[in-house]
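Chain and residue survey
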Amino acid sequence: SVIVLVVIYATGSRQKSHYATWRIWCKTILDFSGVEVELRGRENLPTTGCLYLFNHTSHYDILTIFVASPRFCYFGAKSELFSIPLFGSAIRKAG
């Protein structure tokens, strides 16, 4: 997830136009790390907005959401993360 934030920070913003690039980049990281993503039930996702929840049992949670989600995603973060140097400013810049 830190790597995704660094890419977002380097590209300037979290625009939908950059989303495809981030998905490819996240997929490359997962492949390089030997992580296989298996998505089941994509047909059950609503056509309107939905909320994905994950329990952070892995450092690959956010990367996996970028790869598996068929649509643009927004993320939430707890307020304490914004006070971490560099990381906090990357989160702010990401929107």
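Please read these numbers as outputs of a predicted model, since none were measured by experiment.

Re the overall build of the protein
Looking only at helices and strands, the protein features four helices and zero strands. Its helices and strands in sequence order give the protein the pattern α-α-α-α, from N to C terminus. By residue count, 27% of the 95 residues in the protein fall in the buried class. Long-range contacts, defined as pairs at least 24 residues apart, comprise 60% of the intrachain contacts of the protein with a sequence gap of at least 6.

Overview of the nonpolar core
Membership of the largest hydrophobic core is limited to twelve residues, which are Y19, W22, C26, I29, L30, I62, L63, I65, F66, V67, F72 and C73. Beyond its immediate stretch of four places on either side in the chain, V67 contacts R23, C26, K27 and L30.

Some words on the pattern of salt bridges
Applying the stated rule across the entire model yields two salt bridges. Residues E38 and R40 are paired through a salt bridge, measuring 2.6 Å at the closest nitrogen-oxygen approach. Look at E38 and you get exposed, because its relative accessible area is 58%. We classify R40 as exposed; its relative accessible area is 68%.

Overview of the layout of surface pockets
Within this model, the second largest pocket holds a volume of roughly 260 Å³. Along its surface, the second largest pocket is lined by 17 residues, and L39, Y52, T64, I65 and A68 are the ones closest to its centre. Of the residues belonging to the lining of the second largest pocket, the class tally is nine nonpolar, three polar and five charged.

Digging into the side chain of D61
Tracing the sequence through the fold places D61 in helix α3 (residues 61-68). Buried and unpaired, D61 has K78 as its nearest opposite-charge partner, separated by 13 Å.

Describing the confidence of the model for the protein
In low-pLDDT segments, the atomic positions of the prediction should not be examined closely. On average, the protein scores 77 in pLDDT, and the residues at 70 or more come to 79%. Across the protein, α3 holds the top mean pLDDT of 84, while helix α1 (residues 2-11) sits lowest at 57.

A few points about the environment of L51
Here L51 is to be found in the loop between α2 (16-33) and α3. Residues L51 and C73, 22 residues apart in the sequence, show an inter-C-alpha distance of 9.3 Å.

Reading guide: rules and limits
- Residues numbered from 1 in each chain as written.
- Predicted model: local features only at pLDDT ≥ 70, side-chain atom pairs only at ≥ 80, totals over all residues.
- Heavy atoms only, no water.
- Helix = DSSP H or I, 4+ residues; strand = E, 2+ residues; numbered from the N terminus.
- Buried < 20%, exposed > 50% of the residue type's maximum accessible area, 1.4 Å probe, protein only.
- Contact = heavy atoms within 4.5 Å.
- Core = buried A, V, L, I, M, F, W, Y, C linked by side-chain atoms within 4.5 Å.
- Salt bridge = Lys/Arg side-chain N within 4 Å of Asp/Glu carboxyl O.
- 1 Å grid on protein atoms, 1.4 Å probe; cavity = no way out; pocket = protein on both sides within 12 Å on 5 of 7 lines; lining within 4 Å.
- Points joined across faces, edges and corners; volume = space filled by probe spheres on them.
- Nonpolar A, V, L, I, M, F, W, Y, C, P; charged D, E, K, R; others polar.
- Lys, Arg positive; Asp, Glu negative; His and termini not counted.
- pLDDT = per-residue confidence, 0-100.

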